[in-house]
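Each chain, letter by letter, is given below.
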Amino acid sequence: MASHSSFPEEVLIIGAGVGGLSTAIILAKLGFAVTVLEKNYQAGGLMRSYRRDGIECPVGVHYLGSLDQGQVLRRFFDYLGVSSAIPVSRMGENGIVDRYLFDGCGHPGIFDLPPGMDGFEEELKQTFPDEREKITKIVASIRKAAVQLHALDLLYATGNDFSLLEQSRPLGEILDGLGCSPGLRSVLAVPSCWIGVPLNDCPAYYHNMALASYVSSSYRLQGSGAQMADALAGRLLELGGRIVTGAEVSTIQVSSRVVTGLQLASGECLSAATVIGAVHPKVVLQMLPEGAVKPSYRQRISGLKDTHGIFSVHASLDGDSHPEIPYNVFKIDRDHDGNVRDLKYYQILKSERKGRSLLSILTSGRDELWASWGKTKSGQRGNDYLDAKEQHGRQLIREAEAVFGPFQGLKVLDTYTPLTVRDWVNSPGGSAYGVLRSSSQMLATALLNRTSVQGLYLAGQNVMAPGIIGTIMGSFSTVKLILGADEFRKVIRL
Ligand SMILES: Cc1cc2nc3c(=O)[nH]c(=O)nc-3n(C[C@H](O)[C@H](O)[C@H](O)COP(=O)(O)OP(=O)(O)OC[C@H]3O[C@@H](n4cnc5c(N)ncnc54)[C@H](O)[C@@H]3O)c2cc1C
């Protein structure tokens, strides 16, 4: 570890997730001296996969939207200089990106989401022929969101020509107003549920951007999340940036509301005039000394509601009996009004091991199931916790067998709970997608990359939107804040 004297005038970034690394790359490209401090022993945060039985198990990257030429994530990857280091394959070549399977009776039983906006609109109209006019209106907003997304309006448009406020009403309310059937409502509810915000409280623009990002094009990693993390980390090092792993930041040092540096859990101090917390805002708040920020800021941040956690199972299967399925499968539990109560996400992929496929199951974390172990650290939760995880995992596998048929050669590789995620990346309560970007929290979640401390900024999935696209978009917006909008437009050509 270098001492603070070797970091004059540098930018210190807390957290080497995709948010911290991408912010660091942008700044390093602009000539800043950047050091990223990461508490774990490897960079990547949620993006990083982990290996069990020779197989890479994904955590925070199952698929990626908008990687076609000219689309938003491709433009980001190209700017960051990582496109060729993150090989991907396009989904939907067989006509399906996502298969939605709805539980019980009601229309539709299945909905296949195809690639491309035209195909999506057509599929909706064929499935709900009596609602063609409503669908035209709904898809028009999603098309508009796609145009804004790929044109990078969130970064480059001025306040006058771009306003999200017109689309801030909850989508559920808009669909009620249009008189949509429960079936159509349930199909449209899946993306908002997937990003952890219930339809009745999900701002329309937020839903539309998320849906637009992967209807535009969807891709899977050809390699692993670990490779993706290494690609970003490698690029930063190539640009002269530094990553210090095993470096947990405990305190952000502030004097008269101006940031002066950081203190690590080891006691070491690093000085800098610019610090970026690419971690949850509540984590940043905990690092700030009493009185460093206005009480109103402290109150706003500590009162923020977060998205729920995720429970996941990884199992390997006999590869001949269970070859890769080229699309995602969602099993959806909905009520009579078409609101999604819960969903299970399934992915079956070819694995690194010959003759073995990887089954991943993700579902809501049911935080209450794990609450009694909440105060105990990872690795010390005891056999009861391990048994409870295993049982829950087995139940999810049985449910998956009802979808795919009996699994041949199944071997459970791992299960993780919201507590695992909480301890791995310091996400409050194990929240998967961070701050809940709901209509009711619109004001409280606005401009989260600013703080009232001079020189202290935030980045990561919480500042704008979660997901790889949302998080990298947040990195650019934080750099814009540091540089000023005019300078940003001048020096960053995406
Ligand atoms: C289960 C799951 C599935 C997902 N699937 C997808 C998907 O398919 N596609 C998609 O686009 N998005 C997906 N996402 C979302 C996406 O993974 C996240 O939005 C993104 O990775 C968040 O990146 P981040 O940098 O903001 O946070 P993180 O990855 O959490 O990074 C924060 C980093 O800060 C470090 N840190 C925390 N505290 C400290 C400290 N005190 N000192 C030093 N370092 C610290 C952490 O260890 C971590 O490395 C998924 C998320 C989850 C949880």
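Residues numbered from 1 in each chain as written. Predicted model: local features only at pLDDT ≥ 70, side-chain atom pairs only at ≥ 80, totals over all residues. Heavy atoms only, no water.

Details of the overall build of the chain
Here is step 1: Regarding its fold elements, the chain presents 16 helices and 20 strands.
Here is step 2: A compact globule built from 494 residues would reach a C-alpha radius of gyration of about 23 Å, and the chain, at 22 Å, matches this within 12%.
Here is step 3: Along the three orthogonal principal directions, the C-alpha set of the chain runs to about 65 × 55 × 40 Å.
Here is step 4: Residue burial in the chain is summarised as follows: out of 494 residues, 57% are buried.
Here is step 5: In the structure as shown, the chain presents an accessible area of about 19900 Å², 50% of it carried by carbon and sulfur atoms.
Here is step 6: Charged side chains in the chain number 49 positive and 49 negative. The centres of these two groups are separated by 3 Å. (Helix = DSSP H or I, 4+ residues; strand = E, 2+ residues; numbered from the N terminus. Rg over C-alpha atoms; globule rule 2.2 N^0.38 Å. Buried < 20%, exposed > 50% of the residue type's maximum accessible area, 1.4 Å probe, protein only. Areas by Shrake-Rupley, 256 points an atom, 1.4 Å probe, with all protein chains shown as cover. Lys, Arg positive; Asp, Glu negative; His and termini not counted. Charge placed at Lys NZ, Arg CZ, Asp CG, Glu CD.)

Considering the layout of surface pockets
Here is step 1: Approximately 500 Å³ is the volume found for the second largest pocket.
Here is step 2: In terms of lining, the second largest pocket is formed by 28 residues, of which the most central are Leu221, Gln222, Gly223, Leu349 and Lys350.
Here is step 3: Contributing elements (two or more residues each) for the lining of the second largest pocket: strand E4 (55–57), strand E6 (88–90), strand E9 (218–221), helix H9 (225–238) and strand E17 (340–350).
Here is step 4: Take the lining of the second largest pocket: its biggest share by element is 3 residues, from E17.
Here is step 5: Residue classes in the lining of the second largest pocket are distributed as 8 nonpolar, 12 polar and 8 charged.
Here is step 6: Looking at which domains feed residues into the lining of the second largest pocket, each of domain 1 (4–86 + 222–304 + 445–491) and domain 2 (306–427) gives three or more. (1 Å grid on protein atoms, 1.4 Å probe; cavity = no way out; pocket = protein on both sides within 12 Å on 5 of 7 lines; lining within 4 Å. Points joined across faces, edges and corners; volume = space filled by probe spheres on them. Nonpolar A, V, L, I, M, F, W, Y, C, P; charged D, E, K, R; others polar. Domains from an automatic or database assignment.)

Description of the packing of aromatic side chains
Here is step 1: What the rule picks out here adds up to 18 aromatic pairs.
Here is step 2: Considering the side-chain rings of Trp194 and Phe330, the 5.5 Å spacing of their centres and the 90° angle between planes classify their relative orientation as edge-to-face. With Trp194 in helix H7 (residues 182–194) and Phe330 in strand E16 (residues 328–334), the pair connects residues that are 136 residues apart, well separated along the chain.
Here is step 3: With relative accessibility at 13%, the residue Trp194 sits in the buried group.
Here is step 4: Among the residues examined, Phe330 registers a relative accessible area of 0% and is labelled buried.
Here is step 5: Here a set of aromatic residues connected by ring pairs shows up, and it is made of Tyr63, Tyr100, Phe102, Phe111, Trp194, Tyr214, Phe330 and Tyr345.
Here is step 6: For the cation-ring pair, Lys29 lies above Tyr79, with the distance from its terminal atom to the ring centre recorded as 3.7 Å.
Here is step 7: Looking at Arg381, its charged tip hangs above the ring of Tyr385, at a distance of 5.1 Å from the centre. (Phe/Tyr/Trp six-rings, centres within 6.5 Å; stacked < 30°, edge-to-face > 60°. Lys NZ or Arg CZ within 6 Å of the ring centre and 35° of its normal.)

Remarks on the packing of helix H2 (residues 72–80) against helix H15 (residues 467–483)
Between two packed helices, what matters for the description is the angle formed by their axes and the separation of those axes.
Here is step 1: Their axes nearest at 10 Å, the elements H2 and H15 cross at an angle of 55°. Here H2 is positioned oblique relative to H15, judged by the angle of their axes. Here the hand of the crossing between H2 and H15 comes out left-handed. The residues of H15 that touch H2, namely those facing Val72, Leu73, Phe76, Phe77, Tyr79 and Leu80, are Ile468, Ile469, Ile472, Met473 and Phe476.
Here is step 2: Counted by class, the contact of H2 with H15 contains 11 nonpolar, no polar and no charged residues. (Axes fitted to C-alpha atoms, helices over the stretch in contact; angles between N-to-C directions. Parallel < 35°, antiparallel > 145°, perpendicular 65-115°, else oblique. Left-handed = near helix turned anticlockwise from the far one by under 90°. Contact = heavy atoms within 4.5 Å.)

Brief notes about the site of the ligand
Here is step 1: The local shell around the ligand holds 37 residues, among which Glu38, Gly60, His62, Gln461 and Gly467 are the closest.
Here is step 2: A distance of 3.2 Å separates an oxygen atom of the ligand from a polar side-chain atom of Asn40.
Here is step 3: Here an oxygen atom of the ligand and a backbone polar atom of Gly467 are 2.8 Å apart.
Here is step 4: About the coverage of the ligand: the protein hides 95% of its 1000 Å² of free accessible area.
Here is step 5: Where the shell around the ligand is concerned, the elements lending two or more residues are helix H1 (18–29), helix H14 (418–425) and H15.
Here is step 6: In terms of residue count, the dominant contributor to the shell around the ligand is H15 (3 residues).
Here is step 7: Each of domain 1 (4–86 + 222–304 + 445–491) and domain 2 (306–427) accounts for three or more of the residues forming the shell around the ligand. (Near = heavy atom within 4 Å. Polar contact = N/O pair within 3.5 Å; in protein donor to acceptor, adjacent residues only side chain to side chain.)

Describing empty space enclosed by the protein
Here is step 1: Overall, the coordinates contain 1 cavity of 30 Å³ or more when judged by the stated rule.
Here is step 2: Of the volumes computed, that of the largest cavity is approximately 30 Å³.
Here is step 3: As for the largest cavity, its lining consists of Ala85, Ile86, Pro87, Leu221, Gly223, Ser224, Gln227 and Met228.
Here is step 4: Class assignment of the residues belonging to the lining of the largest cavity gives a composition of 5 nonpolar, 3 polar and no charged.

Quick notes on the sheet that holds strand E20 (residues 456–458)
Here is step 1: Strand order in this open sheet of 5 strands is E10-E2-E1-E14-E20, and the pairing throughout is parallel. Since the sheet does not close on itself, it has two edges, and those belong to strand E10 (242–244) and E20, each with one partner. Across the sheet, the mean angle from the axis of one strand to that of its neighbour is 20°, orientation sign disregarded.
Here is step 2: Both strand E1 (residues 11–14) and strand E14 (residues 274–277) contribute to a ladder of 4 bridges, which runs parallel. If you follow Ile13 over to E14, its bridge partner there is Ile276.
Here is step 3: The sheet strands contacting H9 are strand E2 (34–37) and E10, and the helix crosses E10 at an angle near 125°.
Here is step 4: Packing of H15 onto the sheet brings it into contact with E14 and E20, and relative to E20 it is tilted by some 160°. (Pairing = 2+ DSSP bridges.)

Points about the domain arrangement of the chain
Here is step 1: Split by domain assignment, the chain resolves into domain 1 (4–86 + 222–304 + 445–491) and domain 2 (306–427).
Here is step 2: Relative to domain 2, the C-alpha centre of domain 1 lies at a distance of 28 Å.
Here is step 3: Listed by partner, the interface residues are 21 residues for domain 1 and 23 residues for domain 2.
Here is step 4: In terms of surface lost to domain 2, no three residues of domain 1 exceed Asp53, Ile55 and His62, which account for 28% of the buried area on that side.
Here is step 5: Here domain 1 and domain 2 share 4 salt bridges between them.
Here is step 6: Ionic pairing is found between Lys282 and Asp306, a salt bridge with its closest N-O pair at 2.7 Å. (Buried area = accessible area lost by both parts, 1.4 Å probe. Salt bridge = Lys/Arg side-chain N within 4 Å of Asp/Glu carboxyl O.)

Focus on the confidence of the model for the chain
Here is step 1: Scored by pLDDT, the chain comes out at a mean of 94, with 97% of its residues at no less than 70.
Here is step 2: Under a pLDDT of 50 for its full length, residues 1–8 has, in the predicted model, 17 contacts with residues more than four places off or in other chains. (pLDDT = per-residue confidence, 0-100.)

So, the state of the cysteines
Here is step 1: Summed over all chains, the structure comprises 0 disulfides.
Here is step 2: Take Cys202: it sits in no disulfide, and the sulfur closest to it among the cysteines is that of Cys193, at 10 Å. (Disulfide = S-S within 2.5 Å.)

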